[in-house]
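Close look at the chain arrangement
Single-letter residue listing:
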Amino acid sequence: RRPRMTKAVSQQIVGMNGDEAVAFAAKQANVDVVAAYPITPQTIIVERFSDYVANGEVDTQFVCVESEHSALSACVGSSLAGSRVFTATSSQGLALMHEALYLASGLRTPIVMAVVNRALSAPINIHNDHSDMMGSRDCGWIQLYAENAQEAYDLTLQAFRIGEDHSVSLPVTVNLDGFTISHAMEGVAVIDDDQVAKFVGKREPVYKLDPAKPMTFGPLTLPDYYSEFKRQQVDAMNSAPAVIRAVANEFKKISGRQYSDISAFNVEDADAAIICLGSIAGTARTVAARLRQKGKRVGVIKIWQYRPFPTIEIARLLSNLKCVGVIDRAVSFGAPYGAMCSDIASTKELTGIKTKIFNVICGLGGRDVKPTEIEGIFEKALAYANGEPIDEPVSFVGVRA
């Protein structure tokens, strides 16, 4: 299911998998530098982009490095020099970048990085869950999640505009589920190159490394100023939602597809709902529609914009619901809830909303989440909504006994 189309827009439908859609968007964005290291299931992105470079289809410096840490480090330097920069990674690669993730955000470099979400070792697993990005959720990057290849393409184009806005100047990740999206072929509506060029424009950095105008980046900062730097990052992140909405509205004009911080399906009159990220939202909507035909008032909330967390919009939707089941595709070991459910619980606490919440951990390591299992989550949410006490605040679904 693509974002809601508001009008007929002339575009070309191209068969692509999610990785190819991201690479094509980066090509259209006319990036100056790509530094990357291959890792499954991201590798197709940089392979396809290297084809564009080899064929002379882009004027991009492609930097082959010896590790993901080096890849992001090269991206940081290139961004500080004023370049538009793109990279991609997954799983252990993102974990190896962890130090540089904080460097990129602290230095206010608007790098765009596709993260093809994959489980972390051990044991080694090459399939999807969200443990990689959830392990870095507080690294100071804007984080967007795609449901399908179309959204991966659209969000990548928007990410350049969002991160490079002068009031933001932060790096952005576009997350897509490994294999489920990255390797699945679908029809992607691609926008004309000229329209994309006008939309993304050219990067115009406020500050950059320039021998003619010497400037220091990343100096030693002791206790007397470090907190002020962090507060500036907080302010930048707080300014991002308005920019994201403005960019989404402008994107609608050239695509006909409307984005926002969240996508709500049949929530207005629902008693219970599921909150989720990524590709599982499609299954959840299908099951919700079927249950609606049986007279059960259920809905689905899909979060596009995970960081900054859409607290106000989530609170507005929660206020109309009696119970929500929050799906996390990652484990927060030793914590009361999974990562996203913790954010929902915090939102509930901050706003005084009485909606019941419970957490479901599922889909780890690429395990398929079946429609019958989604239906079971809805049935549990409805039971809690109708007065049953929450006997299982956190449960695993689809795990063998």
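Structure's up top.
1. A look at the packing of helix H11 (residues 311-318) against helix H12 (residues 339-351)
One way to put it is that H11 packs onto H12 with a least axis distance of 10 Å and a crossing angle of 75°. In terms of orientation, H11 lies roughly perpendicular with respect to H12. When H11 is examined against H12, the residues Thr311, Ile314, Ala315 and Leu318 are found in contact with a partner set consisting of Ile344, Thr347 and Thr351.

2. Considering the sheet that holds strand E11 (residues 298-303)
What holds strands together in a sheet is hydrogen bonding between their backbones, with the strands either parallel or antiparallel. The strand order across the open sheet formed by six strands is E9-E11-E10-E13-E14-E15, and the pairing between neighbours is mixed. Looking at which strands have only one partner, the edges of the open sheet turn out to be strand E9 (262-265) and strand E15 (394-396). Going from strand to strand, the sheet's axes swing by 20° on average, the running direction of each strand aside. Pairing of E9 with E11 involves four bridges; the strand directions are antiparallel. Note that in E11 the partner of Ser263 across the bridge is Lys302. Strand contacts of helix H10 (residues 280-293): E9, strand E10 (272-276), E11 and strand E13 (323-328), with the helix running at about 165° to E11, the strand carrying the most contacts.

3. Side note on the packing of aromatic side chains
On inspection of all chains with the given rule, the structure shows eight aromatic pairs. For the ring pair Phe251 and Tyr259, a centre distance of 6.1 Å and an interplane angle of 65° mean the geometry is edge-to-face. Neither residue differs from the other here; Phe251 and Tyr259 are each classed as buried. Ring plane angle 50° and centroid distance 4.9 Å describe the contact between Tyr259 and Trp304, whose orientation is recorded as tilted. With Tyr259 in the loop between helix H9 (226-255) and E9 and Trp304 in the loop between E11 and strand E12 (305-307), this residue pair connects regions lying 45 residues apart in the sequence. Trp304 shares its class with Tyr259; the two are buried. By the ring-pair criterion, three or more aromatic residues cluster together here, those being Phe199, Phe251, Tyr259 and Trp304. The ring of Phe199 carries Arg161 above its face, with NZ or CZ at 5.0 Å from the centroid. When the ring centre of Tyr306 is taken as origin, the NZ or CZ atom of Arg307, which lies over that ring, is 4.5 Å away.

Parameters at a glance
Residues numbered from 1 in each chain as written. Predicted model: local features only at pLDDT ≥ 70, side-chain atom pairs only at ≥ 80, totals over all residues. Heavy atoms only, no water. Axes fitted to C-alpha atoms, helices over the stretch in contact; angles between N-to-C directions. Helix = DSSP H or I, 4+ residues; strand = E, 2+ residues; numbered from the N terminus. Parallel < 35°, antiparallel > 145°, perpendicular 65-115°, else oblique. Contact = heavy atoms within 4.5 Å. Pairing = 2+ DSSP bridges. Phe/Tyr/Trp six-rings, centres within 6.5 Å; stacked < 30°, edge-to-face > 60°. Buried < 20%, exposed > 50% of the residue type's maximum accessible area, 1.4 Å probe, protein only. Lys NZ or Arg CZ within 6 Å of the ring centre and 35° of its normal.

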